[in-house]
Amino acid sequence: MAAIFQTSIPPQNFELIRDNIAVILTEEFASQFAKDSSYPNVTKVWIERFVPINSDTETPTINVNLARGDWSNINVRSSEGTYVFNIDIYTSAPATAEDGPGDQAAMLLMNKIAGMVRAILSHPGYKRLGMPSGVVGSLPVVERFIIGDKNTVKDALSDVVGRIQVTVKAIETQEDSNYTAVAINETKTQVFLEESEMGFYYKTTPNA
């Protein structure tokens, strides 16, 4: 039986949305830190990372991953997708921090980052998340904030993990063609997609 698709199957919109969320967070955190160096210096935003985060050298950091997707109103040309993305926030602090115990400092830092993530993704300017008009149906819904139970997190004396869940409604089309992504925002920040043995991540400076 001959293959039906005559061109390469393009990335699905949920893949592009996941990547755009990572790019948006990378740009905005870099911008906030440039404005005020007392803000969290999140230099990397990972996508679908599965290797454990090294709290000694890699925090604070964020990992964006797809939690689930549901489709409705399915026909031969399109489907309406409802996607839930996890935005996992990793922070740590020395066991004896200047402004209190390490676990408390790590928790306060994680809360600060979570609040910034909520504010960024709730902004009307990111309603389309960098996608073409008509793909993302409404403003992303930041609907849940979960804090990891330190009693169940191994070696988490001064490490904290928080998770924000964001729901995005988007259309997937069944066409033998490519979408062309649009610019997320006018910005002077350059974001680079890098690859390492631990996975892919976005950052604002290229690897040497």
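Notes on the structure in this doc start here.

Conventions and cut-offs
- Starting afresh in each chain, residues are numbered from 1 along the sequence in its written order.
- Local features are withheld for residues below a pLDDT of 70 in this predicted model, meaning they are given only at 70 or higher, and side-chain atom pairs are given and counted only at 80 or more; totals for whole chains, interfaces and linings count all residues.
- To obtain the side-chain values, all non-hydrogen atoms of the structure were used and water was disregarded.
- When DSSP finds two or more bridges between two strands, those strands count as paired.
- Each helix corresponds to a stretch of at least 4 residues labelled H or I by DSSP, and each strand to a stretch of at least 2 residues labelled E; elements are numbered beginning at the N terminus.
- To obtain each axis, a line is fitted to C-alpha atoms, and for helices this fit is confined to the stretch in contact; angles are then taken between N-to-C directions over 0 to 180 degrees.
- By definition, residues are in contact when any of their heavy atoms lie within 4.5 Å.
- Think of it in three bands: residues with accessible area under 20% of the maximum for their type are buried, residues over 50% are exposed, and the middle band is partly exposed, with areas taken using a 1.4 Å probe on protein chains only.
- Working rule for helices: expected span equals 1.5 Å times residues minus one.
- Pairing of N or O atoms within 3.5 Å defines a polar contact, subject to two protein rules: one partner must be a possible hydrogen donor and the other a possible acceptor, and residues neighboring in sequence count only if both atoms are side-chain atoms.

1. Some details on the sheet that holds strand β7 (residues 159-173)
Ordered in space as β6-β7-β3-β2-β1-β9-β8, the seven strands form an open sheet in which the pairing is mixed. This sheet does not close on itself; its edge strands, each paired only once, are β6 (141-147) and β8 (192-196). Between one strand and the next, the sheet's axes are offset by a mean angle of 25°, whatever the strand orientation. Sheet analysis places strand β3 (residues 78-92) next to β7, joined by 15 bridges and oriented antiparallel. Across the sheet, the residue bridging to E80 is I171, located in β7. Helix-sheet contacts for helix α2 (residues 102-121) involve β2 (61-72), β3, β6 and β7, and the interaxial angle to β3 is about 150°.

2. Notes on unusual backbone geometry
Most peptide bonds take the trans form, and the phi angle of most residues other than glycine is negative. Cis peptide bonds are those with omega within 30 degrees of zero, and the linkage from T59 to P60 qualifies with 0°. Note that P60 resides in the loop between β1 (44-47) and β2. Positive phi values are uncommon outside glycine, yet N73 reaches one of about 50°. Although it is not a glycine, L129 sits at a positive phi angle of roughly 55°. Relative to the assigned elements, L129 resides in the loop between α2 and β6. Exposure remark for L129: the relative accessible area of 1% places this residue in the buried category.

3. Some thoughts on α2
Under the 1.5 Å per step criterion, the end-to-end length of α2 is 29 Å for 20 residues, consistent within 8% with the ideal 28 Å. Within the span of α2, buried status applies to G102, A105, A106, M110, I113, A114, M116, V117, I120 and L121.

4. Topic: the side chain of R49
Along the chain, the position of R49 falls in the loop between β1 and β2. Polar side-chain contacts of R49 include one of 2.8 Å to the backbone oxygen of V51. At 2.9 Å, the side chain of R49 and the side chain of E58 are in polar contact. Each residue touching R49, except ones within four places of it in the same chain, is listed here: N54, E58, N63 and M198.

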